[in-house]
Amino acid sequence: MPISRRELLAGAAGVVVAAPAVTLGRPVEAGTGTDIAARVSPDGRWIAMDLVGVLWVLPSSGGPARRLTGDLYDIGQPDWAPDGRSIAFQSYRDSSFGIWTIRPDGGGLRRLTTGPYDYREPRFAPDGRRIVVSSDRGGSYGLWLLDVASGEVTPLVDQAGQQEYEPAWSPDGGKVAFVVDNTRIDVLTVASGVRQTAVTVPAGRVIHAPEWTPDGAELIHNVSGLGRSELWRGNVPLVTGEDVFPFRVSWRSPSSFVYTAGGEIRRSTGGRIGFVAPLSVTRPSYRKRQRDFDSPLPRPVRGLGSPAVSPDGRTIAFRALNDIYLMPIGKAPRPLTRDLWWKSDPAFSPDGRHLSYSTDRGGKLDIWLHDLTTGADRQLTRLPNAAAVSGSWSRDGRWLAFLDQTGALWTVEVATGALRQLFTATFEPGRPTWSADGRTIALAAIVPYSARYREGLSKILLVDVATGAGRYADPLPDRSIQTRGDDGPVWSPDGTRLAYVVASVLWVVRVDADGTFAGRPRQVTDEVTDAPVWRGDDELLYLHNGTFRLVSASGGAPRPVPMPLTWANSQPRGRTVIRAGRLWDGTSRRLERDVTVVVEGHRIASVSSSPQEWDGRVVDARDAVVIPGLIDMHHHREMQGYSYGARQGRLWLSLGVTTTRSPGSPAYHMVEERESIQSGARIGPRYFGTGEAVDGPRIYYNFMRPTFSPAQLALELSRAGALDYDLMKAYVRLPPVWQRRVIDWAHRHGVPATSHYHYPALNFGGDQMEHVGATSRFGYSRTVSTLGAVYPEVRKLFVAAGARLTPTLFTAATLLVDDDALATDPRVQALYPPWEYAALQAQIAAGRATDQTPTRENLARQVEHLTRLIRSGGHVVNGTDSPIAANGISTHLNLRAMVRYGMTTYEALSTATRAAGEFLAEPLGRVAPGHYADLTILNADPLADIANASDVRAVVTNGVPHTVSDLIEPFAHVSPPESAVAPFVRRADDPHWWHDPHWVEEGRNACCAQTS
């Protein structure tokens, strides 16, 4: 809803006048809630509830709910003051969780906490003068006392190495119960500081939300796991067989309480407390633009990846159009290899004689050296069962530092190829850079705020080359390196300065020889800045909205660097005639027989049963089934940590996927991939994508954009326009007020906007939500319960808004436990990198060693929601989140799960064809005249058995046929490397828990759990 100037100005002073949402869109009456919390007022007359992030009050007997807060406050966990005159709640109004209070009549809205730290789960003390909250301000989650009058915050419980949260006061105010690390409830006696464990969770369960009984003798709490979510009293189950939400019970009398479960507010004595909450959604109304796949005209290359400058400052190397280009400044660039292998990360040797880069021409991604005089290439790294990327030269030219696919830091000796793992894996770190004396390596690495939630800041990790010890430096206070990739830090050649990007602009700081800051960082640019590299000691080259710029290290006006490289759409010529024995056109509920599909160039010219003979190249599919090429609407092609290289596009095509869309990728790498595919320089599916998702101040993945101010958001949007994003993605920590701005900008530019949240995004006109229940800043989902259930208000909102849902059914991997044919298919064996194939097989083995019943019940509930959504007029489009989910095969696992648990094969296939094409507003997803010639040729009928959708014989993409054997051939016979490497042992004195290998590995598979 619009926020008035009065409210905005009052908010700056700490007191805000509340305003109800203005219903401008389609009304929706919500009578259920998914993961809602409810609290009874002290006098028993009212209930406060946090439905869809809005605070409501309703009569305790049930009835109409009255809204107290607007859509921008994103509130949760309400709690009444003991005198009933105010309600405290957590709010994500201002880029971090803060504690606010409001009167029950909607007046007197007041913010009590500010700053970069999160404050959650407010609980009034019985005296009404204090509120106990959980906060990460101490380096882990602990409990803090907030003085209501002054706003002063003091520590109560904050033990290092533990996460302490979800507090509850005893009725007499003498004790506080709280959860520790999801595993137990401790009780603190406030006066003495004595702490004892009261309840321990059973194995395989998670504990939440303690609340004292009125006599203060026992605790009631939520226990979930193993397919159940229940209320327990002490160690005894109290409410079972229900989908109990993970929030505190609220006492109505000494013998009865209210709790939330099954989408309802329920009484412990039986029955439900009904409510009706008026919401609204706004259907988007704008004209979607289409990507130009037709024009033969040349256009400037914008996908310029990982630039490097030669030691003499005269030549730039960069990645573009599936090649490494060398460009003498002022002259035309030339390609280095002109082959179809993957290439990345060029770097000049300090003597200027060699260029290093990563390529999979040897079977997997390794570092190769190109002699700039002779043109000869040699493979430098032969790391067993691992990739080698992001190479960087030491100043003496003897060593390269690089990363493997896990994020571990290595060095390789140039003369001998000797390898050494220098530092443990961190989650998706940035490219390393050497100090001038070769004793320190710096790189960007994540530092989470706590172990409870994964987000944090990308800081500068300084690693001692001799000892392997690591320490962190802040690029700026409470700020983050922009992306952990090519945005720095980068060391000046003389070792006296580091350069990096923060808040979308360039900064330079003077440093000692070991990287210790020797001054304050200084801002150098005020325009969008990416991928800075030094050109000598006093000048930097960087990317600005798809162009090169030079700027003095001391600042001043930047200078453009001409880059006369263009690309054009590939233009397949001539006619291709596909004779199909059977055909599914994407709309009919049955197959047609003996159909001829005529392709002229890259579009379908005709589809007919005519026996007419046509000239042209003939694809004989008379014993096969032709269907539209499959579309994966959610993946991350350029995601760090998987290192598929050239295998990835071939894998998708071999499994019948001819179009993919990424809702989050490193921006320049996304554009490079898109231009490479469209120009025919790389083999892979048609590609739609966005750059880094726009996030709030805290981030997790390397390709999220931390955003700190409205001015910076304007810079981010200018990059999106210049690089021609196909959609906009708002990520989990972006506050609603900025998400609304992203949606408005996207629609003005003719592209859709998506996120992990359904509300208030759908009232801002958001087009789509990713995942049934996604990674969330709340720690739980508002669209699906822990057990996988989705309640009617969610479906109503989606249907009314006309919004799309991309479900990404991660738990569909459970189907591999019974039938692993996809996981052992020759396509997968050839086109998965060896470490990914091993991880897939390990996942299946782990599944077979555990009871899959709870997982499958959860999956069935999610599919039930999708089926009801479609049959209610809603829209579902298939997506997988690969490579986090099993790359390629997850498309088929999603389809199989949909059919197994309730959809028809027609409904399931439509999510990956016609429905996706319609949402893209492109001629895709159907076999019809005028549509792009993206087709899959199957050996059997997928409408009869959805498993047949993976039985691919060949594909046609953009009018070009590819057989499965042709696609896998380059990787079908790869010899394993021969190098021996000593095992790495993490330093025993490493104090950073986020360096633990288990945390890093879990991070690769973290999306999309409901917790943040």
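Everything quoted here is computed from the prediction, not taken from an experiment. Position numbers for residues count from 1 along each chain, tracking the sequence in the order it is written. In keeping with the model being predicted, local features are shown solely for residues with a pLDDT of at least 70 and side-chain atom pairs are shown and tallied solely at 80 or more, while totals for entire chains, interfaces and linings include all residues. With hydrogens and water set aside, each side-chain value is computed from the structure's full complement of heavy atoms.

### Things to note about the overall build of the chain
What counts is decided by this rule: The way it works is that DSSP assigns letters per residue, a run of H or I at least four long becomes a helix, a run of E at least two long becomes a strand, and they are numbered from the N terminus. Buried means the residue's accessible area, taken with a 1.4 Å probe over protein chains only, is under 20% of the maximum for its type, while exposed means over 50%, and partly exposed covers the values in between. By definition in these notes, contact holds between two residues if any of their heavy atoms fall within 4.5 Å. With residues, only the protein chains shown are counted as cover, and all accessible areas are computed by Shrake-Rupley using a 1.4 Å probe. Under the counting rule used here, the positive set is Lys and Arg, the negative set is Asp and Glu, and His together with the chain ends is not counted. A charge is said to be at NZ when it belongs to Lys, at CZ for Arg, at CG for Asp and at CD for Glu.
What the chain contains, in helices and strands, is 15 helices and 71 strands. On the principal axes, the C-alpha backbone points of the chain span a range of 85 × 75 × 55 Å. Within the chain, buried positions represent 64% of all 1012 residues. Counting only contacts in the chain whose residues sit at least 6 apart along the sequence, the fraction spanning at least 24 positions is 59%. Surface accessibility of the chain: about 34200 Å² in total, with carbon and sulfur atoms responsible for 50%. Positive and negative charge centroids in the chain, built from 108 and 107 side chains respectively, lie 4 Å apart.

### Side note on the sheet that holds strand 6 (residues 63–64)
Cut-off, in case you're wondering: Each pair of strands is called paired provided DSSP finds at least two bridges between the two strands. Lines are fitted to the C-alpha atoms to define the axes, a helix being fitted only along its stretch in contact, and any angle between axes, read from their N-to-C directions, falls within 0 to 180 degrees.
On the basis of which strands lie adjacent, the open sheet formed by three strands has the order 2-28-6 and mixed pairing. Each end of this open sheet is capped by a strand with a single partner; those strands are strand 2 (26–30) and strand 6. Set on the sheet, helix 6 (residues 792–801) makes contact with strand 2 and strand 28 (275–281); between it and strand 2 the angle comes to about 170°.

### Some points on the packing of helix 4 (residues 710–722) against helix 5 (residues 736–748)
Heads up, the rule is: Each angle receives one of four descriptions, namely roughly parallel if under 35 degrees, roughly antiparallel if over 145, roughly perpendicular if within 65 to 115, and oblique otherwise. Definitions for this section: a left-handed crossing has its near helix turned counterclockwise from the far helix by less than a right angle. A right-handed crossing has that turn clockwise. For this scheme, ten residues count as nonpolar: Ala, Val, Leu, Ile, Met, Phe, Trp, Tyr, Cys and Pro. Four count as charged, namely Asp, Glu, Lys and Arg, and the remainder, Gly too, count as polar.
Closest axis-to-axis distance for the helix 4/helix 5 pair is 11 Å, and the angle between their directions is 30°. One element, helix 4, and the other, helix 5, form an angle in the roughly parallel class. For the crossing formed where helix 4 meets helix 5, the hand is right-handed. Taken together, the residues of helix 5 that come into contact with helix 4 (itself represented by Pro710, Leu713, Ala714, Leu717, Ala720 and Gly721) are Trp738, Arg741, Val742 and Trp745. Looking at the contact of helix 4 with helix 5, its residues break down into eight nonpolar, one polar and one charged.

### Focus: the pairing of strand 44 (residues 456–464)
Counting buried residues along strand 44, eight of its nine residues qualify, which places the element largely inside the surrounding structure. Pairing analysis gives nine bridges linking strand 43 (residues 440–448) to strand 44, with the strands arranged antiparallel. Looking at the pairing, Ala445 lines up with Lys459 of strand 44. As defined by bridge partners, strand 44 adjoins strand 45 (residues 470–473) across four bridges and the pair is classed as antiparallel. Within strand 45, the position partnered with Leu462 by the bridge is Arg471. Two successive antiparallel strands, strand 44 and strand 45, enclose a turn made up of five residues, where Gly468 displays a positive phi of approximately 80°.

### Re the pattern of salt bridges
Cut-off, in case you're wondering: We define a salt bridge as a side-chain nitrogen of Lys or Arg found within 4 Å of a carboxyl oxygen belonging to Asp or Glu.
One pass over the full model with this rule turns up 67 salt bridges. Notably, a salt bridge pairs Arg661 with Glu770, separated by 3.2 Å at the nearest N-O pair. One end of the pair, Arg661, is in strand 60 (residues 657–662); the other, Glu770, is in strand 66 (residues 768–770), and 109 residues separate them in sequence. Residue Arg661 is classed as buried on the basis of its relative accessible area, which comes to 2%. Between Glu864 and Arg868 there is a salt bridge, with the nearest N and O atoms lying 3.0 Å from each other. In this pair, Glu864 and Arg868 are both assigned in helix 10 (residues 853–871), four residues apart and thus about one turn of the helix distant. A residue is classified by how much of its surface remains accessible, and Arg868, at 45% relative accessible area, is partly exposed.

### Structural notes on the packing of aromatic side chains
Each aromatic ring pair is characterised by the separation of its centres together with the angle its planes make. Cut-off, in case you're wondering: Whether two aromatic rings pair depends on their centres lying within 6.5 Å, for rings of Phe, Tyr and Trp, where Trp uses its six-membered ring; planes under 30 degrees apart make the pair stacked, over 60 edge-to-face, and the rest tilted. Two conditions define a charge located above a ring, namely a distance within 6 Å from the ring centre to NZ of Lys or CZ of Arg, and an angle within 35 degrees of the ring normal.
For the structure on display, the rule yields 27 aromatic pairs. Between Tyr472 and Trp994, the aromatic rings sit 5.8 Å apart at their centres with planes inclined by 55°, giving tilted as the arrangement. Pair noted here: Tyr472 is in strand 45 and Trp994 is in the loop between helix 14 (964–968) and helix 15 (997–1004), with a separation of 522 residues, a long-range link. Using a relative accessible area of 10% as the deciding quantity, one classes Trp994 as buried. Each member of the aromatic cluster is reached from another via a ring pair, and the members are Phe427, Tyr472, Tyr700, Tyr701, Phe703, Tyr731, Trp993, Trp994 and Trp999. Across the ring face of Trp144, the terminal group of Arg137 is positioned such that the distance to the ring centre comes to 4.8 Å. The aromatic ring of Tyr165 is capped on one face by Arg452, whose charged end is 3.8 Å from the ring centroid.

### Section: the environment of Val509
Secondary-structure assignment places Val509 in strand 48 (residues 505–510). In this structure the C-alpha to C-alpha distance between Val509 and Val597, which are 88 residues apart in sequence, comes to 62 Å. For Val509, the residues in contact, after removing those within four places along its chain, are Thr496, Arg497, Leu498, Tyr500, Phe517, Gly519, Arg520 and Pro521.

### Remarks on the packing of helix 6 against helix 10
Here helix 6 crosses helix 10 at 40°, and the two axes come no closer than 10 Å. In terms of their interaxial angle, helix 6 and helix 10 are classed as oblique. Between helix 6 and helix 10 lies a crossing of right-handed hand. Facing helix 6, whose interface residues are Val794, Arg795, Phe798 and Val799, helix 10 presents His865, Arg868 and Leu869.

### Remarks on helix 10
Because the α-helix completes a turn every 3.6 residues, residues three or four places apart line up on one side. The following threshold applies: In this scheme, a helix's expected span is set at 1.5 Å multiplied by one less than its residue total.
End to end, helix 10 covers 27 Å across 19 residues, agreeing with the expected 27 Å (1.5 Å per residue, within 8%). Residues Arg856, Asn858, Leu859, Gln862, Val863, His865, Leu866, Thr867 and Leu869 constitute the buried set of helix 10. Residues of helix 10 that are buried sit in contact with helix 6, strand 67 (804–806), helix 7 (815–818), strand 68 (875–876) and helix 11 (889–900). Following helix 10 by one or two positions, Gly873 has its phi on the positive side, about 95°.

It is worth stressing that arrangement in space is one thing and function is another; only the former is reported here.
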